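Structural description and commentary
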Amino acid sequence: MKKEVVALMNSTKTSSDKTLLVVTGPTGVGKTSLSIALAGHLQTEIVSADARQFYKELNIGTAAPTPGELAKVKHHFVGHLSVHDYYNVSIYEEQALALLEKLFEKHHVVVLTGGSGLYIDAVCHGFDELPPVDAEIRRQVDQVYRQGGLDALRPWLKSVDPEFYLQVDLANPNRIKRAIEVFLTTGKKFSELRTRKVNPRPFGVKTIVMDRPRQELFERINQRVDQMVADGLIEEALTFFGLRHLNALNTVGYKELFDWLAGSCTLVQAIEKIKTNSRRYAKRQITWFKRYPDALWVRPDDVKGILGILEERTSKK
RNA sequence: GGUACCAUAGCUCAGUUGGUAGAGCAACGGACUGAAAAUCCGUGUGUCCCUGGUUCGAUUCCGGGUGGUACCA
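Along every chain, residues carry numbers that run from 1 in the direction the sequence is written. Each chain takes a letter, starting from A, and each ligand takes a number, starting from 1, following the order in which they are written. Two thresholds apply to this predicted model, a pLDDT of at least 70 for residue-level local features and 80 or more for giving and counting side-chain atom pairs, whereas whole-chain, interface and lining totals are computed over all residues. Each side-chain value is derived from all of the structure's non-hydrogen atoms; neither hydrogens nor water enter the calculation.

Structural notes on the pairing of strand S4 (residues 109-113)
Within S4, five of the five residues are buried, leaving the element largely enclosed by the surrounding structure. Type-normalised accessible area, obtained with a 1.4 Å probe on protein chains alone, sets the label of each residue: buried when under 20%, exposed when over 50%, and partly exposed for intermediate values. Only DSSP runs of H or I with at least four residues qualify as helices, and only runs of E with at least two residues qualify as strands; both kinds are numbered from the N terminus onward. Burial along S4 is two-sided: the face carrying Val-109, Val-111 and Thr-113 and the face carrying Val-110 and Leu-112 are both buried. Across five bridges, strand S1 (residues 19-24) lies against S4 in parallel orientation. Paired with Val-23 across the bridge in S4 is Thr-113. Examined bridge by bridge, strand S2 (residues 46-48) and S4 share three bridges and lie parallel to one another. Bridged to Ile-46 within S4 is Val-111. We treat two strands as partners when DSSP finds at least two bridges between them.

Listed below in structure tokens is the structure:
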């Protein structure tokens, strides 16, 4: 068991400041059960930073906490949206900060858990305040992309924001479109508006990244997909086939089954593809988390050991 | 037991008229400030089954093993 984990756990109990305990890690590593155990011991609540568990209609494919799990610890931002809602990380940042302000009135420590790195960053250091982009502008920019592809987007970006043109990944349409949208909305260059400064927060942040040996993680992911299928993932996906154009349904576990339902592959192939895409997602998450400078990387067993100690202390009291 | 065919990357397979090899998938690495389970970028990671022989040189040709597969008994 790691000494750092002990130190971290103690600090969350004794610090006089408010602490946001971030529990993250790749998909399938075991965040849900351990965050519930942690929050239970700390007698606090859980704020979700999982951008797919936000949607109340999605359950099996997103490995959302079960009703039983939700009953153990109060969760926030789990199933608070419909797949029909428009949502983005900016709205989340605002809502999460408002919520945390209230939670910290009652609790010393609050647990933030989930695997959406962008959303974790939104809470921990926030993003530059930019006005929301009008849906009509988005539609227009997207139409140009659809008709002319990157070749139409690049000169456009170069003319409105030559600095960002030099910085951006010119093969990534989403990045280019966003910068153009921001320019059309504000009349200012995205490269000037994006300061990347860290916004001060009225709480401290401790980050735990849960990890496992790669092979073990991938085996868990593969098995979890099979379990999801056994639990009715196909039936769940079936009900969303007509909504597959929605962003919320552009999600691993559903989009592959839509391909099968559309007739472009077999069911066996679709399920294999869910496993592959889940593994790749986990890999991308790990890449993201490697950027966290002060994060504590732990194996789930380490945290389990800590929980055992806490349990002993609690029961002897 | 006999005959034929096969043995090359994690998998399925190409290929080398003899100069130590390359595709797909998987995998690995990375980027990412309002779609983020999204969207992008980069990278072959190899005792060419083992062992003798021929040869300047064998993964390639020849012999013998071993392990598969098919057919005949």
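A word on the layout of surface pockets
As defined here, a cavity is a set of points on a 1 Å grid over the protein atoms alone where a 1.4 Å probe fits but cannot get out. A pocket is an open set with protein on both sides within 12 Å along at least five of seven lines, and residues line them when an atom is within 4 Å of a point. Grid points are joined across faces, edges and corners, and a volume is the space filled by probe spheres set on the points. In this structure, the second largest pocket encloses a volume near 400 Å³. Looking at the second largest pocket, it is lined by 17 residues, and the ones nearest its centre are Cys-124, Val-205, Thr-207, Tyr-292 and Pro-293. Within the residue set of the lining of the second largest pocket, elements represented by two or more residues are helix H5 (117-124) and strand S5 (204-210). Residues belonging to the lining of the second largest pocket are distributed by class as follows: ten nonpolar, two polar and five charged. Ten residue types, Ala, Val, Leu, Ile, Met, Phe, Trp, Tyr, Cys and Pro, are classed as nonpolar, four, Asp, Glu, Lys and Arg, as charged, and the remainder, Gly among them, as polar.

Details of the nonpolar core
Put simply, a nonpolar core is a bunch of buried Ala, Val, Leu, Ile, Met, Phe, Trp, Tyr and Cys residues held in one set by side-chain atoms that sit within 4.5 Å of each other. One finds Leu-20, Val-47, Phe-54, Tyr-92, Leu-100, Leu-112 and Leu-249 to be the most contacted residues of the largest nonpolar core, which totals 46 residues. Taken together, the elements giving at least two residues each to this core come down to S1, helix H4 (89-106), S4, H5, helix H10 (214-230), helix H11 (233-238), helix H12 (255-261) and helix H13 (267-289). For this core, the element with the highest residue contribution is H4, accounting for seven residues. Setting aside anything within four residues of it in sequence, one finds Leu-249 in contact with Leu-58, Val-83, Phe-240, Leu-243, Arg-244, Tyr-254, Lys-255 and Phe-258. Membership of the second largest hydrophobic core comes to 21 residues, among which are Leu-38, Ile-208, Met-210 and Val-298. By definition, residues are in contact when any of their heavy atoms lie within 4.5 Å.

Comments concerning H5
In terms of residue burial, H5 counts as a mostly covered element, since seven of its eight residues are buried. Burial in H5 covers these residues: Gly-117, Tyr-119, Ile-120, Asp-121, Ala-122, Val-123 and Cys-124. Residues of H5 that are buried in the fold lie against S1, H4, S4, S5 and H13.

Brief notes about the sheet that holds S1
The strand order S3-S2-S4-S1-S5-S6 describes an open sheet built from six strands, whose pairing is parallel. Edge positions in the open sheet fall to strand S3 (75-76) and strand S6 (296-298), since each of these has one partner strand only. Against the sheet, helix H2 (residues 31-41) makes contact with S1, S2, S3, S4 and S5, and its axis sits at roughly 155° relative to S1, the strand it touches most. Only the contacting stretch of a helix is used when fitting its axis, a line to C-alpha atoms as for every element, and angles between N-to-C directions run 0 to 180 degrees.

Topic: the pairing of S1
The element S1 is largely enclosed, with a buried count of six among its six residues. Alternating residues of S1 divide into Thr-19, Leu-21 and Val-23 and Leu-20, Val-22 and Thr-24, and every residue in both groups is buried. Alignment of S1 against S5, held across six bridges, turns out to be parallel. Considered in S5, the bridge of Val-23 is made with Ile-208.

Here we look at the packing of aromatic side chains
In summary, the pairing rule links any two rings of Phe, Tyr or Trp, Trp by its six-membered ring, whose centres are within 6.5 Å, and it sorts them by plane angle into stacked for under 30 degrees, edge-to-face for over 60 and tilted for everything else. Tallied over the entire structure, the rule returns ten aromatic pairs. Pairing Phe-289 with Tyr-292 gives two aromatic rings, centres 5.8 Å apart and planes at 40°, and the pair type is tilted. These aromatic residues form a ring-pair network of at least three members: Phe-54, Phe-77, Tyr-87, Tyr-92 and Tyr-119. We call a charge positioned over a ring when the NZ of a Lys or the CZ of an Arg lies within 6 Å of the ring centre and within 35 degrees of the ring normal. In this structure, Arg-244 is placed above the aromatic ring of Phe-241, and the distance from its NZ or CZ to the ring centre is 3.9 Å. Here the guanidinium or amino end of Arg-291 rests over the ring plane of Trp-288, the centre of that ring lying 4.1 Å away.

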